[in-house]
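# Understanding the architecture of this molecule
If you want the building blocks of each chain, they are given just below.
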Amino acid sequence: MPAWVAISEKEGGDAEELPAERDGSLLLASLTNLYPNVTTLKYKGPTGVWRIVRCVDGILTPPEDDGGWGSHIYICIKKKEEPKEDDTQRKRKADYGMDGGAGYDDGDYDADDDERNWSKSILCSYEGADTSLTE
């Protein structure tokens with residue numbers, strides 16, 4: 001009879017139980033069917049510190065110190081998602097003032113987009129003939 005492993009997507013969330021394999025392991029594929037982007041699981045050890053479940057080649061092995069999965073509630077660890085293209089473009093517009101204000105960048109690659117081409121000088125534009133520059 002397979003062991004059942006209690007898993008929650010986040011700490012304090014509702015747990016669901018998944019059956020372990022006959023050898024006691026848990027397949028990462030079984031987890032990702034329920035929780036996309038999961039890479040492994042974690043649980044609180046007896047000292048209150050998080051312990052990470054070992055995942056090798058898509059197979060999660062039960063903790064050895066507890067004699068198996070035990071009665072822990074395991075929490076999903078997910079890989080961080082890359083920002084979507086729309087989010088990236090929106091951030092770029094906000095960062096570069098693409099609303100037509102100062103610092104306009106059309107989003108295309110320019111030679112001055114490359115840090116190696118940046119100089120250490122600052123160009124300032126002053127309006128009015130009676131303005132003097134001082135350090």
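Everything below is about the structure printed above this text.
Attention in this report is confined to the structure presented alongside it. (Residues numbered from 1 in each chain as written. Predicted model: local features only at pLDDT ≥ 70, side-chain atom pairs only at ≥ 80, totals over all residues. Heavy atoms only, no water.)

### Notes on the overall build of the protein
Secondary structure summary: the protein contains two helices and eight strands in total. Each helix (α) and strand (β) of the protein, taken in turn from the N terminus, gives the series β-β-β-α-β-β-β-β-β-α. Residue burial in the protein is summarised as follows: out of 135 residues, 21% are buried. Here the contacts in the protein between residues at least 6 apart in sequence split such that 43% fall between residues at least 24 apart. (Helix = DSSP H or I, 4+ residues; strand = E, 2+ residues; numbered from the N terminus. Buried < 20%, exposed > 50% of the residue type's maximum accessible area, 1.4 Å probe, protein only. Contact = heavy atoms within 4.5 Å.)

### Remarks on the sheet that holds strand β4 (residues 38-44)
Pairing is mixed in the open sheet, where five strands are placed in the order β2-β1-β8-β4-β5. Sheet topology places β2 (15-19) and β5 (50-52) at the edges, where each strand pairs with a single neighbour. Strand-to-strand twist of the sheet, defined as the mean angle between neighbouring strand axes without regard to direction, takes the value 40 degrees. For β4 and strand β8 (residues 73-78), the ladder comprises four bridges, and the chain directions are antiparallel. Residue L41 lies in a different strand from β8, and its bridge partner there is C76. (Pairing = 2+ DSSP bridges. Axes fitted to C-alpha atoms, helices over the stretch in contact; angles between N-to-C directions.)

### As for the sheet that holds strand β7 (residues 59-60)
Pairing between the strands of a sheet is mediated by backbone hydrogen bonds and can be parallel or antiparallel. Strand order in the open sheet formed by three strands is β3-β7-β6, and the pairing between neighbours is antiparallel. Two strands lie at the open edges of the sheet, namely β3 (26-27) and β6 (55-56), each paired on one side alone.

### Quick notes on the layout of surface pockets
Space inside the second largest pocket adds up to approximately 170 Å³. Lining the second largest pocket are Y43, R51, I52, V53, R54, T61, P62, P63 and E64. (1 Å grid on protein atoms, 1.4 Å probe; cavity = no way out; pocket = protein on both sides within 12 Å on 5 of 7 lines; lining within 4 Å. Points joined across faces, edges and corners; volume = space filled by probe spheres on them.)

### Remarks on the packing of aromatic side chains
Overall, the coordinates contain two aromatic pairs when judged by the stated rule. A centroid spacing of 5.2 Å and a plane angle of 85 degrees characterise the contact between W69 and Y74, whose relative ring orientation is edge-to-face. Y74 shares its class with W69; the two are buried. It is K42 that lies over the ring of W50; its NZ or CZ is 4.3 Å from the centre. (Phe/Tyr/Trp six-rings, centres within 6.5 Å; stacked < 30°, edge-to-face > 60°. Lys NZ or Arg CZ within 6 Å of the ring centre and 35° of its normal.)

Distances and angles like these do not, on their own, reveal function.
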